[in-house]
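The residues making up each chain are set out below.
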Amino acid sequence: MVNPTLPVSLLSSPCTSFQLSSVREAELERLEAARPRGLGSREQGLVLRMARPPPPWLHAAFLLLWLLSLGRAIEIPMDLSQPPTITKQSVKDHIVDPRDNILIECEAKGNPAPSFHWTRNSRFFNIAKDPRVSMRRRSGTLVIDFRSGGRPEEYEGEYQCFARNIFGTALSNRIRLQVSKSPLWPKENLDPVVVQEGAPLTLQCNPPPGLPSPVIFWMSSSMEPITQDKRVSQGHNGDLYFSNVMVQDMQTDYSCNARFHFTHTIQQKNPFTLKVLTNHPYNDSSLRNPPDMYSARGVAERTPSFMYPQGTASSQMVLRGMDLLLECIASGVPTPDIAWYKKGGDLPSDKAKFENFNKALRITNVSEEDSGEYFCLASNKMGSIRHTISVRVKAAPYWLDEPKNLILAPGEDGRLVCRANGNPKPTVQWMVNGEPLQSAPPNPNREVAGDTIIFRDTQISSRAVYQCNTSNEHGYLLANAFVSVLDVPPRMLSPRNQHIRVILYNRTRLDCPFFGSPIPTLRWFKNGQGSNLDGGNYHVYENGSLEIKMIRKEDQGIYTCVATNILGKAENQVRLEVKDPTRIFRMPEDQVVKRGTTVQLECRVKHDPSLKLTVSWLKDDEPLHIGSRMKKEDDSLTIFGVAERDQGSYTCMASTELDQDLAKASLTVLADQATPTNRLAALPKGRPDRPRDLELTDLAERSVRLTWIPGDDNNSPITDYVIQFEEDQFQPGVWHDHSKFPGSVNSAILQLSPYVNYQFRVIAVNEVGSSHPSLPSERYRTSGAAPESNPSDVKGEGTRKNNMEITWTPMNATSAFGPNLRYIVKWRRRETRETWNNVTVWGSRYVVSQTPVYVPYEIRVQAENDFGKGPEPDTVIGYSGEDYPRAAPTDIKIRVLNSTAISLQWNRVYSDTVQGHLREYRAYYWRESSLLKNLWVSQKRQQASFPGDRGTRGVVSRLFPYSNYKLEMVVVNGRGDGPRSETKEFPTPEGVPSAPRRFRIRQPNLETINLEWDHPEHPNGILTGYTLRYVAFNGTKLGKQIVENFSPNQTKFTIQRADPVSRYRFTLGARTQVGFGEAVTEESPAPPNEATPTAAYTNNQADIATQGWFIGLMCAIALLVLILLIVCFIKRSRGGKYPVREKKDVPLGPEDPKEEDGSFDYSDEDNKPLQGSQTSLDGTIKQQESDDSLVDYGEGGEGQFNEDGSFIGQYTVKKDKEETEGNESSEATSPVNAIYSLA
């Protein structure tokens, strides 16, 4: 039996069963409003009473899928012929684990069943020629097996699946296969970082680039997380920032860790050691009072300055639908505070959140409205600075109208529509059966009109699968849609004569899956009556589903759906039975009892007698075991001889096969103690008891007096009374707050609205919490009247170029003032003074069609009920829809400002050609070529936007010097781009070059050093030569700087070392006529006789081999071994016999899994060993590390770090360990010991 409290479309396919789905919104709202009878935390001791719905996220997911199913296209039953349809495929960017076999999914349905083939990098992929590659049976899924060897990297590339039968070919997305990589950390020798106390400091992480990018976190070499706060925090780039350094910062060292997801490894960088120069010795007392700690330590106060990003302005581009992360990290003394603002508006409160101690602003699910200028303000008592970030929102293609399968009867017309939007505007390409439409055989019945294919007088031969590919520089969308030509009478696809039971007040949907071609029309009837069900409490969706908005007793009966087309008709029936809801009307109450006494928790339930009731109990949200001291009855739970372990929360859960209700109460057990002299001091304070005996008097047309008797205050005076009301017309069962009165009164006059059937209840409040709600009062209905207000938030906006949608916020029950609330909508063209058009609407929107493009309208919306009209409404100005601009900017003038920027000037377009709101003028420009011969350049189009209301001038920056550019301009309104202007060409002058590439230092011997480099990637002009500056250094001693100039063709140089000990620091840069460009700095390698620490964990410990106790221990062990060898030799020479243990498992000595680069494996996947793992005698993998590993300190799984860097949870990788059972070490090691055991 289907549970009618959940959308049935989640439980069965709409093509296989007659369905009913029921969303309990009205009931859930009623129960949610009833929660004050039991709302709050366990500490407050409140009783919770509510229906037990699924978790909110699950309910939202159910509701979303339910609504999506209402618009689901009709599908062809699988017993009818049909072209292929892709049903499952891998993601576009498919990253795989290098230790796993590769799986690229592709599944499709069709009749006859489709066959599959693949392309790799746009070429046919011959699976039969590669023994490692196979295809799953009855599927197109590729399996690449590496058990017999092979490198996964050899199979990287772009794959596409083709599913084909006699009626057409469907395509998968282009799947980019990449193998996860976790490269080693570059080896480096880190000198101690010397910094003055109070100065800013940045410790750079520079992790090795992985795929996907690694997760970065900072720890000390002793595996303690670095405490982070407003002063010390990690940036998004992984660097560790100190707004100001204090002397206590050198109590630990700092090591950057990178965790790679797929290979389950953590790599650790050699730790930084800080040396803080200070004028005052370290003293804990000087750090105890943070506001005074700087002055106490003699640290000079400084105004803020930005550490990241630098300067006063920067820009950032983000794609629509992604998260925007803006970051500002500032230095200063005292530590600055960071605040965020948006110019010209407020931050989006529903999407914006602050991270990293307000240093980062994250805006989720970015849309075009989030573009603009943001700025962060860093301030302390010395002053403030700000940094402006210009945010541009671009967009990969997203669907406006995704093409849907087209099912036509012979001779019918139809169309496939493929509309997508994006920024830049995406291009649309049509294909048929995987081939470009231009190269397909001509079809006289088919006409292509841009994003639409029109079919006229279709025939059986028109069957095919069409692909629409829409793309821009940020991505693409590919959709398959088949055209199927069938001649089929109506048929029902669900079981016949179902019996459905639902709960009173639910919102319910009846589905009637059907099929036919031509597509049948579907109508609903109840109890054989001739009138079609639609309107009022019923609503029929386009797919034929019947929704009953709120089930009542009179909705019980037999419902018939009838599908009809020109070939015949088919019908089906369902019997709907309405059941009463399950309700706990006497709930368990909070109790405070002494140990050893008997307590009884009541739970009396009212339910539909035709449903089987089950009452169960939970303790602390876990099933309660009914022991010998407990007695469970139908309406209560009794506990004899209460003990301390009985204390907790008890939940009574009453459930039937259709619904359930629950109520919660807390039990507090007092320990034995002497009887106190003060009774109030002996008893704990509690929430007040519920008020009782509510009475309505002084009944007037718009007011009533409510009187009640207060309950016991439980040793805490009552401070307030909250009065709530419920009405039974718009939201029955939902309680609303009416008013609030002081705790000293027990009677109040309540002001009422017309035409509301009121019911009241009272809640008492003290310092401990709120009481359970009182029992409801009797009902009182006020008389009706004409509305005294009109709906709010009236708007008029175009959704298409020839319409205007008028919307408003509907009025609630207390403002309706009478039955049959409706709205009189009026509109007319502004300034024409034409007569008002009007229409009466029962909902909250109305669409005016056939409007001119983007003209202003005067709009009025007036409320009306059966007693009359509301007051004259205010006039609101709305606009009809926009169309694309018709003109482009003219007389475009370009002036070169410098080698990377130009100034633009143009003539403003006439307002009547904009055809909408002028948002901006936009310049599209691209680099056509370089002025240097034989230099390849990217011709990627870029754009710059200029607000339409800020004049006709602008600056385009970030150009490449010494290049030829082309530029076009367009006008942009809310609909999109207008036509393009004439193309302008301009050159940019020379600039300074970028840094030379691949600067290499080789030291073949102790006498010479060889230098080699490549030309700059961006010369930005004609190179005139290179300049090399170098200086010798030995520790902190520096030699004299030497400068060498080279010709532009020279890329090698050899120097003679002055001595074999000193190292050299080289700085190399290129020159043009403009000047010296970006330089690159490198240092020569350390001489071979210098010790270079390679261990990942040094911690400044002395070498163990030089310790006296270690040398003595080794000598003692050697002497003992020598004695044992002598004894064995003597016994053997005497012919002694020795017992041998048979079949003894000899454990292999574990090797050090730590690599020289400081990385180590933390995976517990023993069935996939990495390099360096060992095999036991029986062939299984021997686990080489304890269960406690560095993983516990990484992010992922259930583990994470707080903002201050403290560790919570553990990172675990749950894998099947069947292959290693019995072989795992039983010895557990701490993470610190594990690390030092590897060193």
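Given the structure is predicted, the values throughout are model-derived calculations rather than measurements.

Novice: Would you mind going over the overall build of the chain in detail, with residue names and values included?
Specialist: Along its length, the chain carries 8 helices and 93 strands. A separation threshold of at least 6 residues defines the contact pool for the chain, and within that pool the share at least 24 residues apart is 66%. With an accessible surface of roughly 63600 Å², the chain has 50% of that area assigned to carbon and sulfur atoms.

Novice: I'd love a proper account of the packing of aromatic side chains, names of residues and values included.
Specialist: Aromatic ring pairs: the centre-centre distance and the angle between the two ring planes describe each pair. In this structure the tally under the stated criterion is 22 aromatic pairs. With a centroid separation of 6.0 Å and an interplanar angle of 20°, the aromatic rings of Tyr1064 and Phe1066 are classed as stacked. Its relative accessible area of 5% is what places Tyr1064 among the buried residues. For Phe1066, a relative accessible area of 0% translates into the label buried. Through a chain of ring-to-ring contacts, the aromatic side chains of Trp1013, Tyr1026, Phe1046 and Phe1053 assemble into a single cluster. Its guanidinium or amino end placed over the ring of Tyr476, Arg174 lies 3.9 Å from that ring's centre, counting from NZ or CZ. For Arg980, the ring lying beneath its charged end belongs to Tyr924, and the centroid distance is 4.3 Å.

Novice: Lay out the sheet that holds strand β79 (residues 963-972) in plain terms, naming residues and giving numbers.
Specialist: Strand order in the open sheet formed by 4 strands is β77-β76-β79-β80, with antiparallel pairing between adjacent strands. The sheet terminates laterally at β77 (942-947) and β80 (984-987), the two strands that pair on one side only. Here the average twist between neighbouring strands, direction ignored, is 30°. Here 6 bridges tie strand β76 (residues 920-930) to β77, and the two strands are oriented antiparallel to one another. Counted as the bridge partner of Tyr925 is Gln942 from β77.

Novice: Can you lay out the environment of Gln647 for me, pointing to particular residues and giving the numbers?
Specialist: Checked against the element boundaries, Gln647 lands in the loop between β56 (636-639) and β57 (648-655). The spacing of Gln647 and Val593 is 54 residues in sequence and 9.7 Å in space, taken between C-alpha atoms. One polar contact links the side chain of Gln647 to the main-chain amide nitrogen of Val669, over a distance of 2.8 Å.

Novice: Describe the state of the cysteines, with residues and values.
Specialist: Enumeration according to the criterion identifies 6 disulfides in this entry. One disulfide bridge connects Cys106 with Cys161, the sulfur atoms lying 2.0 Å from each other. On the sign convention where negative means left-handed, the S-S torsion of about -70° between Cys106 and Cys161 marks this disulfide as left-handed. In this pair, Cys106 is assigned in strand β6 (residues 106-111) and Cys161 in strand β11 (residues 157-165), connecting sequence segments 55 residues apart.

Novice: Explain a nonpolar patch on the surface residue by residue, including any values.
Specialist: A surface patch of nonpolar side chains, amounting to about 660 Å² of accessible area, comprises Leu1119, Leu1122, Ile1123, Ile1126, Val1127, Phe1129 and Ile1130. Tracing the backbone shows Ile1126 in helix α7 (residues 1108-1133).

Novice: Could you give an account of the pairing of strand β43 (residues 514-517), naming the residues involved and the relevant values?
Specialist: Of the two faces of β43, the one holding Phe514 and Gly516 and the one holding Phe515 and Ser517 are both buried throughout. Bridging between strand β40 (residues 488-492) and β43 involves 3 bridges; their strand directions are antiparallel. Its bridge partner lying in β43, Val488 is registered against Ser517.

Novice: Can you break down the side chain of Asp608 residue by residue, with the values?
Specialist: Here Asp608 lies in the loop between β52 (604-606) and β53 (614-619). There is no salt bridge for the buried Asp608, and the closest opposite charge comes from Lys579, which lies 4.4 Å off by N-O distance. Only 2.5 Å separates the side chain of Asp608 from the side chain of Ser610, close enough to count as a polar contact. Those residues in contact with Asp608, other than ones at most four positions away along the chain, are Lys579 and Asp580.

Novice: Which residues make up the environment of Asn365, and what values go with them?
Specialist: Along the chain, Asn365 falls in the loop between β28 (360-363) and β29 (372-380). Spatially, the C-alpha atom of Asn365 lies 9.2 Å from that of Leu319, the residues being 46 residues apart in sequence. Among all residues touching Asn365, those that are not within four sequence positions of it are Gly321, Met322, Asp323, Lys351 and Asp370.

Novice: Report on the nonpolar core, specifying residues and quantitative values.
Specialist: Counting residues in hydrophobic clusters, the biggest one holds 31 residues, and the most contacted among them are Ile102, Ile104, Trp118, Leu142, Tyr155, Tyr159 and Phe515. Every element with two or more residues in this core is listed here: β5 (102-104), β6, β7 (115-120), β10 (142-144), β11 and β13 (175-179). If you look at the next biggest cluster of nonpolar residues, it comprises 22 residues, including Met492, Leu533, Leu546 and Ile548.

Novice: Tell me what's going on with the environment of Asp1059, and back it up with residues and numbers.
Specialist: Looking at where Asp1059 falls in the secondary structure, it is placed in the loop between β86 (1052-1056) and β87 (1063-1071). C-alpha of Asp1059 to C-alpha of Thr1008: the two residues are 51 residues apart in sequence and 9.9 Å apart in space. A distance of 2.9 Å separates a polar atom in the side chain of Asp1059 from the backbone nitrogen of Val1061. Separated by 2.7 Å, the side chain of Asp1059 and the backbone nitrogen of Ser1062 make a polar contact.

Novice: Which residues make up unusual backbone geometry, and what values do they have?
Specialist: Residue Pro309 follows Tyr308 across a cis peptide bond; omega there is -10°. Within the secondary structure layout, Pro309 lies in the loop between β22 (302-308) and β23 (313-319). Cis peptide bonds are those with omega within 30 degrees of zero, and the linkage from Val333 to Pro334 qualifies with -5°. Here Pro334 shows up in the loop between β25 (329-333) and β26 (337-342). Positioned with a positive phi, Asp698 is a non-glycine residue whose angle comes to about 50°. When you line up the elements, Asp698 lands in the loop between β59 (692-697) and β60 (703-709).

Novice: Help me get a handle on the pattern of salt bridges, residues and values and all.
Specialist: Per the stated rule, a full pass over the model turns up 60 salt bridges. Put simply, Arg507 and Glu547 hold a salt bridge, and the shortest N to O gap is 3.3 Å. In this pair, Arg507 is assigned in strand β42 (residues 507-511) and Glu547 in strand β46 (residues 546-548), connecting sequence segments 40 residues apart. A salt bridge links Arg595 to Glu644, with the shortest nitrogen-to-oxygen separation between them at 2.5 Å. Of this pair, Arg595 sits in the loop between β50 (591-594) and β51 (599-602) while Glu644 is found in the loop between β56 and β57, placing the two residues 49 residues apart along the sequence. The exposure class of Glu644 is partly exposed, given its relative accessible area of 41%.

Novice: Summarise the side chain of Arg446; cite the residues concerned and give the values.
Specialist: Relative to the elements of secondary structure, Arg446 occurs in strand β36 (residues 446-449). Of the buried charged residues, Arg446 lacks a salt bridge, with Glu447 as the closest side chain of opposite charge at 10 Å. Among the polar contacts made by the side chain of Arg446, one reaches the main-chain carbonyl oxygen of Pro441 at a distance of 3.3 Å. Once you skip the residues sitting within four places of it in the chain, Arg446 turns out to touch Leu437, Ala440, Pro441, Ile453, Ile454, Phe455 and Tyr466.

Novice: Could you give me a rundown of the confidence of the model for the chain, with the residues and numbers involved?
Specialist: Across the chain, the average pLDDT comes to 81, with 82% of residues at or above 70. Throughout residues 1-72 the model reports pLDDT below 50, and contacts reaching past four residues in sequence, or to other chains, amount to 199 contacts. Ignoring residues within four places in sequence, the model shows residues 674-681, a span with pLDDT below 50, making 3 contacts including any to other chains.

Reading the values: the criteria
- Residues numbered from 1 in each chain as written.
- Predicted model: local features only at pLDDT ≥ 70, side-chain atom pairs only at ≥ 80, totals over all residues.
- Heavy atoms only, no water.
- Helix = DSSP H or I, 4+ residues; strand = E, 2+ residues; numbered from the N terminus.
- Contact = heavy atoms within 4.5 Å.
- Areas by Shrake-Rupley, 256 points an atom, 1.4 Å probe, with all protein chains shown as cover.
- Phe/Tyr/Trp six-rings, centres within 6.5 Å; stacked < 30°, edge-to-face > 60°.
- Buried < 20%, exposed > 50% of the residue type's maximum accessible area, 1.4 Å probe, protein only.
- Lys NZ or Arg CZ within 6 Å of the ring centre and 35° of its normal.
- Pairing = 2+ DSSP bridges.
- Axes fitted to C-alpha atoms, helices over the stretch in contact; angles between N-to-C directions.
- Polar contact = N/O pair within 3.5 Å; in protein donor to acceptor, adjacent residues only side chain to side chain.
- Disulfide = S-S within 2.5 Å.
- Patch = residues over 30% accessible without salt bridge, like charges linked within 9 Å, V, L, I, M, F, W, Y side chains within 5 Å.
- Salt bridge = Lys/Arg side-chain N within 4 Å of Asp/Glu carboxyl O.
- Lys, Arg positive; Asp, Glu negative; His and termini not counted.
- Core = buried A, V, L, I, M, F, W, Y, C linked by side-chain atoms within 4.5 Å.
- pLDDT = per-residue confidence, 0-100.

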